[in-house]
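The primary structure of each chain is shown beneath.
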Amino acid sequence: MPSKEQTALKHGLPSDAPVVAFDDVSIGFEGNEVLRNVSFTVMPGETRILLGPAGGGKSVLLKLVDGLLKPDSGRIFVLGEEITSMRERELFQLRRRIGMVFQESALFDSINVEDNVAYRLNEEGVAPEEAHRRVVEALEFVELGHAIEKFPSELSGGMRRRVSIARAIITGPNLILYDSPTGGLDPITSTTIIALVAKQRDVSQTTSLLITHRLQDAFTLATHYYDQKEQRLEPLPAGELEENTKFLILNEGRVVFDGTTLELTHSEAPWIREYLA
Ligand SMILES: Nc1ncnc2c1ncn2[C@@H]1O[C@H](COP(=O)(O)OP(=O)(O)OP(=O)(O)O)[C@@H](O)[C@H]1O
């Protein structure tokens, strides 16, 4: 396992610098405040799981990280840069280092899997042979090498999610934002997607923020590691927790929990206990 310094170096950051930092961030729409005074940090190599009731502001938070929305107040730092005041051109550069897995996969139905996965490489003008090599590598990472010529309409929901993960990792991002990657999937297929999230965390040490509505997904990530040799999720020894996995829980736009798995499971706060019950 790489050291904290090695993981941070991979992100081009000093080891004590966060990959994402929110400082007193608020945003609202038409008079309704959606996030209120949100502050938290995500360190290099960390997988930060966002939980909370529907409408609590989780997707808005991810869009703020990607610079798709701007806060009304507060400051946001991503990969060492303050993005709050960035112009679109600078944001475009920064987004090249961020992979986004959107809700419902958001694939282009009129082009095949290869072209969907290669989309950002084509935008960047990467040579076709190089793009093909990287698409094959990304599809192999998500165990979908055989589907390269298929169209999205020919794929199952789980396969579509895997294609969207391949598309997000193709540029070798420093940060991945997963918006409900298991939403609408059955429990077995969800576990295959969570295994890929763990693989990115444990094999590539990529920092990520992940929204999920399934506590089961969250606790699987916190109690399992990706075994590269066996190519599957394995439980950590009894009593051990995955130390790079942390939680942020939002309720009605406020942070109601920010901490480790152990702190979460030992929380005495009535709202948290009820939420986890
Ligand atoms: N562009 C927008 N314009 C107006 N309101 C918005 C916009 N984006 C989000 N909202 C509102 O912000 C609130 C929070 O939405 P958000 O999608 O972030 O919640 P969430 O926690 O991700 O919910 P879910 O778990 O259902 O995905 C909702 O009331 C939503 O209607």
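Details of the structure are given in the entry above.
Each value, and the rule that gives it
- Residues numbered from 1 in each chain as written.
- Predicted model: local features only at pLDDT ≥ 70, side-chain atom pairs only at ≥ 80, totals over all residues.
- Heavy atoms only, no water.
- Helix = DSSP H or I, 4+ residues; strand = E, 2+ residues; numbered from the N terminus.
- Rg over C-alpha atoms; globule rule 2.2 N^0.38 Å.
- Buried < 20%, exposed > 50% of the residue type's maximum accessible area, 1.4 Å probe, protein only.
- Areas by Shrake-Rupley, 256 points an atom, 1.4 Å probe, with all protein chains shown as cover.
- Lys, Arg positive; Asp, Glu negative; His and termini not counted.
- Charge placed at Lys NZ, Arg CZ, Asp CG, Glu CD.
- Near = heavy atom within 4 Å.
- Polar contact = N/O pair within 3.5 Å; in protein donor to acceptor, adjacent residues only side chain to side chain.
- Contact = heavy atoms within 4.5 Å.
- Axes fitted to C-alpha atoms, helices over the stretch in contact; angles between N-to-C directions.
- Parallel < 35°, antiparallel > 145°, perpendicular 65-115°, else oblique.
- Left-handed = near helix turned anticlockwise from the far one by under 90°.
- Nonpolar A, V, L, I, M, F, W, Y, C, P; charged D, E, K, R; others polar.
- Pairing = 2+ DSSP bridges.
- Phe/Tyr/Trp six-rings, centres within 6.5 Å; stacked < 30°, edge-to-face > 60°.
- Lys NZ or Arg CZ within 6 Å of the ring centre and 35° of its normal.

Asks: Any chance you could break down the overall build of the protein for me, citing the residues and the numbers?
Replies: For the protein, the count of helices and strands is eleven helices and twelve strands. Since a compact globule built from 277 residues should have a radius of gyration of about 19 Å, the 18 Å found for the protein is in line with a globular shape. By principal-axis analysis of the C-alpha atoms, the protein measures approximately 50 × 50 × 40 Å. Classification of the 277 residues of the protein by burial places 51% in the buried group. Accessible surface computed for the protein: about 13300 Å², of which carbon and sulfur atoms make up 50%. Averaged over its 29 positive side-chain charges, the protein has a centre that lies 1 Å from the centre of its 41 negative ones.

Asks: Which residues make up the site of the ligand, and what values go with them?
Replies: Near the ligand you find F29, V34, P53, A54, G55, G56, G57, K58, S59, V60, Q103 and H213, and these make up its full shell. Interatomic distance of 2.9 Å between a side-chain N/O atom of K58 and an oxygen atom of the ligand. Contacts to the ligand include S59, whose backbone N or O atom sits 2.9 Å from an oxygen atom. Relative to its unbound accessible surface of 640 Å², the ligand loses 59% to contact with the protein. No other element matches helix α2 (residues 58–65), which puts three residues into the shell around the ligand.

Asks: An account of the side chain of R48 is requested, with residue identities and associated values reported.
Replies: Among the secondary structure elements, R48 is positioned in strand β3 (residues 47–51). The buried category is assigned to R48, whose relative accessible area is 3%. Polar contacts involving the side chain of R48 include one to the side chain of E46, which spans 2.8 Å. Not counting residues within four places of it along the chain, the set of residues in contact with R48 comprises T41, V42, S208, L209, L210, K246, F247, L248, D258 and G259.

Asks: Got a sec to walk through the packing of helix α7 (residues 157–169) against helix α8 (residues 187–203)? Specific residues and values, please.
Replies: α8 packs onto α7 with a crossing angle of 15° between their chain directions and a minimal axis gap of 9 Å. Relative to α8, the element α7 lies roughly parallel. Here α7 and α8 pass one another in a crossing that is right-handed. Residues G158, R161, R162, I165 and I169 of α7 pack against T189, I193, L196 and Q200 of α8. For the contact of α7 with α8, the per-class residue count stands at four nonpolar, three polar and two charged.

Asks: Can you lay out the sheet that holds strand β1 (residues 20–29) for me, pointing to particular residues and giving the numbers?
Replies: Taken together, four strands build an open sheet; the order of strands is β2-β1-β4-β5 and the sheet is antiparallel. The outermost strands of the open sheet, each flanked by one partner alone, are β2 (32–42) and β5 (81–82). As paired strands, strand β4 (residues 73–78) and β5 are joined by two bridges and run antiparallel to one another. Within the sheet, the bridge partner assigned to V78 lies in β5 and is E81. Strands β1, β2 and β4 of the sheet are contacted by α2, whose axis makes an angle of about 120° with β1.

Asks: Summarise the packing of aromatic side chains; cite the residues concerned and give the values.
Replies: By convention here, two paired aromatic rings are described through the distance between centres and the angle between planes. Under the criterion given, the structure shown has four aromatic pairs. Aromatic side chains W271 and Y275 sit 5.2 Å apart centroid to centroid with 10° between the ring planes, which places their arrangement in the stacked category. Remark: Y275 and W271 occur in helix α11 (residues 270–276); sequence separation between them is four residues, near one turn of the helix. Judged by its relative accessible area of 31%, W271 is partly exposed. Positioned above the aromatic ring of F141, the side-chain terminus of K199 is 4.2 Å from the ring centre.

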